[in-house]
Amino acid sequence: MADIFERLIKNYGPIGQHRERAHGYFAFPKLEGEVGSKMKFRGQEMIVWSLNNYLGLANHPEVRKADADGSAQYGLALPMGARMMSGNSDLHEQLERELAEFVHKEDSILMNYGYQGIMSAIDAICGRHDVVVYDAECHACIIDALRMIPGHRFVFKHNDVEDCEKQLLRAQALVDKQQSGGVLVITEGVFGMAGDQGKLKEIAALKKKVPFRLLVDDAHGFGTLGTTGAGAGEAQGCQDEIDLYFSTFAKSMASIGAFMAGPRTIIDYIRYNIRSQIFAKSLPMPYVVGNLKRLELLRSKPELKENLWKNALALQNGLKERGFDIGKTDSVVTPVYMKGGVEEATAMVMDIRENYKIFCSIVVYPVIPKGHIIYRLIPTAVHTQEEIDLTLKAFSETKAKLDAGAYKVAEIPDMANK
Ligand SMILES: Cc1ncc(COP(=O)(O)O)c(C=O)c1O
């Protein structure tokens with residue numbers, strides 16, 4: 001009989017195989033110092049484009065004070081248990097009410113993390129005869145949820161409304177044949193890699209042809225899109241058509257936790273059936289206090305979203321003017337598409353970090369097809385025009401070097417922490 005561990009250490013996986021050269025630099029880097037548009041990486045100050053700190057709240061003085069006050073008053077111990085048993089509090093319920101109001105829904109439920117929260121919510125909602133129709137580029141947490149549920153699922157081509165309709169008709173036929181079950185469509189408000197908004201309005205309009213319920217993961221739209229920041233549904237004028245609205249606090253709230261909002265009856269059903277919350281200790285009090293403050297700032301400081309968009313558009317327009325391909329983004333997420341191998345990409349990232357003092361993340365094979373490189377830039381409300389200009393200059397220069405073959409190296413540079 002084989003030893004499971006033996007197999008694991010023979011193959012560390014697609015990214016893990018590079019760990020000996022990459023650890024601490026290309027993977028698991030440590031950014032240090034106060035969170036902001038500049039942080040320290042290996043002792044050097046760099047302009048950072050990798051943080052989901054859209055509104056710049058991570059280091060906002062009022063947020064820091066609320067986080068500190070919440071910790072001083074309650075510590076991390078409280079509440080002492082799962083919500084259902086002994087871990088409920090007025091502040092948890094207040095945050096749920098305020099979140100629901102903010103996204104124009106009747107009620108909401110808190111979750112400790114977005115990833116496990118949405119997985120468990122989908123698990124709670126879907127019975128064995130229900131059918132899920134979902135976008136091919138949904139986040140890993142949705143894909144993993146679909147591995148758990150007992151019913152059928154049909155995938156539609158990314159943001160392809162025609163294909164979505166086709167899959168809906170298949171789902172409807174199956175439900176009719178079973179004479180039991182319903183259909184849940186799952187998509188995203190903003191796709192976090194490419195930055196394109198899910199076609200929520202067009203998908204919701206398909207309800208006229210096939211009855212279904214719509215669940216939207218709006219992790220990147222919450223706080224960044226819509227007149228009040230209520231997200232992609234608000235921006236597209238179809239928030240009411242979203243039956244279940246989900247967001248993590250890990251992006252524009254620069255925090256931890258998540259929520260799902262919708263009709264009171266359904267949220268109550270989830271509250272009493274979501275295993276990740278029923279069988280786990282609830283969100284710690286300092287997080288709840290800190291999240292209440294963040295939500296207050298989302299409501300009261302529209303200038304945060306305005307600054308974010310000013311910076312995002314300056315960056316995106318600057319890249320386009322310089323001939324860069326930034327794909328189909330219609331959010332602040334800014335991908336930059338280039339061509340090159342994995343080794344070349346790592347040499348280019350090294351150059352941009354070491355010589356231009358710019359820290360940004362790249363995505364390469366096997367996450368995307370071989371021969372492609374995507375830089376993924378996350379602008380925030382706290383970046384400056386000077387930082388944007390320096391970044392644009394660095395991108396122009398390094399792209400010219402990439403095209404001239406200057407980064408062609410035989411293997412990934414050895415930059416691991418020794
Ligand atoms: C679209 C999307 N959904 C869910 C999550 C998971 O949220 P969390 O980090 O709170 O687990 C993420 C990433 O954070 C995300 O980008």
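Residue positions within a chain follow its written sequence, with the count starting from 1. Two thresholds apply to this predicted model, a pLDDT of at least 70 for residue-level local features and 80 or more for giving and counting side-chain atom pairs, whereas whole-chain, interface and lining totals are computed over all residues. As a rule here, side-chain values come from all non-hydrogen atoms in the structure, and water together with hydrogens is ignored.

J.: Just checking my understanding: could you explain the overall build of the protein for this structure?
T.: Counting from the N terminus, the helices are DSSP H or I runs at least four residues long and the strands are E runs at least two residues long. Scanning the protein from N- to C-terminus turns up 15 helices and 14 strands. This radius of gyration counts C-alpha atoms alone. The globule rule is 2.2 Å times how many residues there are, raised to the power 0.38. Compactness check: the protein gives a C-alpha radius of gyration of 22 Å against a globular reference of 22 Å for 418 residues, within 12% of the reference. Contacts are residue-level and defined by heavy atoms, with any inter-residue pair within 4.5 Å sufficient. Taking as baseline every contact in the protein between residues at least 6 positions apart, the subset at least 24 positions apart corresponds to 70%. Counting every atom, the protein has about 19,500 Å² of accessible surface; 54% of that belongs to carbon and sulfur. Charge convention: Lys and Arg are scored as positive, Asp and Glu as negative, and His as well as the terminal groups of each chain are ignored. Charged side chains are reduced to one point each, which is NZ for Lys, CZ for Arg, CG for Asp and CD for Glu. With 50 positive and 53 negative side-chain charges, the protein shows a spacing of 3 Å between the two charge centroids. Accessible surface area values rest on a Shrake-Rupley calculation with a 1.4 Å probe, where residue burial reflects the displayed protein chains alone.

J.: Looking at this structure, I do not really get the nonpolar core. What am I missing?
T.: Burial of nonpolar side chains together is a common tendency in soluble globular proteins. To qualify as a nonpolar core, a set must consist of buried Ala, Val, Leu, Ile, Met, Phe, Trp, Tyr and Cys residues joined through side-chain atoms within 4.5 Å. Partly exposed describes any residue whose relative accessible area lies between the buried limit of under 20% and the exposed limit of over 50%, with all areas from a 1.4 Å probe on protein chains only and scaled to the type maximum. Core analysis: the largest hydrophobic core is formed by 57 residues, its most contacted members being Leu168, Phe222 and Phe259. Per-element accounting of this core gives the leading share, seven residues, to helix H12 (residues 285-300). What Phe222 contacts, discounting residues up to four positions off in sequence, is Leu99, Phe102, Val103, Gly229, Gly231, Tyr245, Ser247, Ser252, Met253, Phe259, Leu295 and Leu298. Ile352, Leu377, Tyr407 and Ile412 belong to the second largest nonpolar core, which has 27 residues in total.

J.: Please clarify how unusual backbone geometry should be interpreted in this entry.
T.: Among all residues save glycine, negative phi is the norm, and among peptide bonds the norm is trans. Here the bond from Leu78 into Pro79 is cis, since omega is -5°, no more than 30 degrees from zero. Along the chain, the position of Pro79 falls in the loop between helix H3 (61-74) and helix H4 (90-102). The omega torsion of the bond from Tyr365 to Pro366 falls at 15°, within 30 degrees of zero and hence cis. In this structure, Pro366 sits in the loop between strand S13 (361-363) and strand S14 (372-377). Phi is positive for His104, close to 60°, though the residue is something other than glycine. Residue classification places His104 among the partly exposed residues on the basis of a relative accessible area of 42%. With a phi close to 55°, Asn159 is a non-glycine residue in the positive phi region.

J.: Where do I start with the side chain of Ser255 in this structure?
T.: Summarising the element assignment, Ser255 is placed in the loop between strand S9 (244-248) and strand S10 (258-262). Side chain to side chain, Ser255 and Asn291 meet in a polar contact 2.6 Å long. Beyond its immediate stretch of four places on either side in the chain, Ser255 contacts Phe249, Ala250, Asn291 and Arg294. Nitrogen and oxygen atoms within 3.5 Å of one another constitute a polar contact, given that in protein one can donate a hydrogen and the other can accept it, and given that sequence-neighbouring residues count only through two side-chain atoms.

J.: How should the packing of helix H5 (residues 114-125) against helix H6 (residues 140-148) be read in this particular structure?
T.: The description of two helices packed together rests on the angle between their axes and the distance between the axes. Fitted lines through C-alpha atoms give the axes, limited to the stretch in contact for helices. The angle between two N-to-C directions lies from 0 to 180 degrees. Contact pair H5 / H6: the axes reach a minimum separation of 8 Å and the direction vectors enclose 35°. Considering how the two elements wind past one another, H5 and H6 form a crossing that is right-handed. Seen from H5, the contacting residues are Tyr115, Ile118, Met119, Ile122 and Asp123; seen from H6, they are Ala140, Cys141, Ile142, Asp144, Ala145, Leu146 and Met148. Residue classes follow a fixed rule: Ala, Val, Leu, Ile, Met, Phe, Trp, Tyr, Cys and Pro count as nonpolar, while Asp, Glu, Lys and Arg count as charged, and any other residue, Gly among them, counts as polar. The residue makeup of the contact of H5 with H6, split by class, is ten nonpolar, no polar and two charged. For any helix crossing, the convention is left-handed if the near helix is rotated counterclockwise from the far helix by under a right angle, and right-handed if that rotation is clockwise.

J.: Where do I start with empty space enclosed by the protein in this structure?
T.: The probe, sized like a water molecule, is rolled over the atoms to show the empty space still left. Grid spacing is 1 Å over the protein atoms alone, the probe is 1.4 Å, and a cavity is where that probe fits but cannot get out, while a pocket is an open set with protein on both sides within 12 Å along at least five of seven lines and lining residues have an atom within 4 Å of a point. Grid points are joined across faces, edges and corners, and a volume is the space filled by probe spheres set on the points. Within the structure shown, the criterion is met by two cavities of 30 Å³ or more. Estimated volume of the largest cavity: approximately 40 Å³. Leu55, Phe102, Gly223, Thr228, Gly229, Leu298, Lys301, Pro302, Leu304 and Lys305 are the residues that line the largest cavity. Each residue belonging to the lining of the largest cavity can be placed in one class, and the counts come to five nonpolar, three polar and two charged. Of the voids in this model, the second largest cavity is the one considered here, and its volume is about 30 Å³. In terms of lining residues, the second largest cavity is bounded by Arg83, His92, Leu110, Met111, Asn112, Gln277, Ser282 and Leu283.

J.: How do you make sense of the pairing of strand S2 (residues 38-41) when you look at a structure like this?
T.: The alternating pattern of S2 places Met39 and Phe41 on a buried face, while none of Lys38 and Lys40, on the opposite face, is buried. Where strand S1 (residues 31-32) folds back onto S2 in an antiparallel hairpin, the turn is made up of five residues, including Gly33, whose phi is positive at roughly 95°. Sheet topology places S2 next to strand S3 (residues 44-48); four bridges connect them, and they run antiparallel. Its bridge partner being in S3, Met39 is matched across the sheet by Met46. Here a strand pair is declared whenever DSSP counts at least two bridges between the two strands. Following S2, the chain reverses through two residues before pairing antiparallel with S3; Arg42 in that reversal takes a positive phi of roughly 50°.

J.: What should I look at first to understand a nonpolar patch on the surface in this one?
T.: Within this analysis, patches are made of residues with over 30% relative accessible area and no salt bridge. Like charges are joined at 9 Å or less; nonpolar side chains (Val, Leu, Ile, Met, Phe, Trp, Tyr) at 5 Å or less. The salt bridge definition used is simple: a Lys or Arg side-chain nitrogen within 4 Å of an Asp or Glu carboxyl oxygen. Together, Ile4, Phe5, Leu8, Ile9 and Tyr12 give the surface a local cluster of nonpolar side chains, amounting to about 550 Å² of exposed area. Within the fold, Ile4 resides in helix H1 (residues 4-10). Ile4 gets classed as exposed once you look at its relative accessible area, which sits at 54%.

J.: Quick question: what am I supposed to make of helix H13 (residues 302-321) here?
T.: Three or four residues apart is the spacing at which side chains of an α-helix point the same way, because the helix has 3.6 residues per turn. To estimate how far a helix should reach, multiply one less than its number of residues by 1.5 Å. Under the 1.5 Å per step criterion, the end-to-end length of H13 is 28 Å for 20 residues, consistent within 8% with the ideal 28 Å. Listed in full, the buried residues belonging to H13 are Leu304, Lys305, Leu308, Asn311, Ala312, Leu315, Gln316, Gly318 and Leu319. Here the buried face of H13 lies against H12, strand S11 (334-339), S14 and helix H15 (385-403). Directly beyond the C-terminal end of H13, a positive phi value near 85° is found at Gly323.

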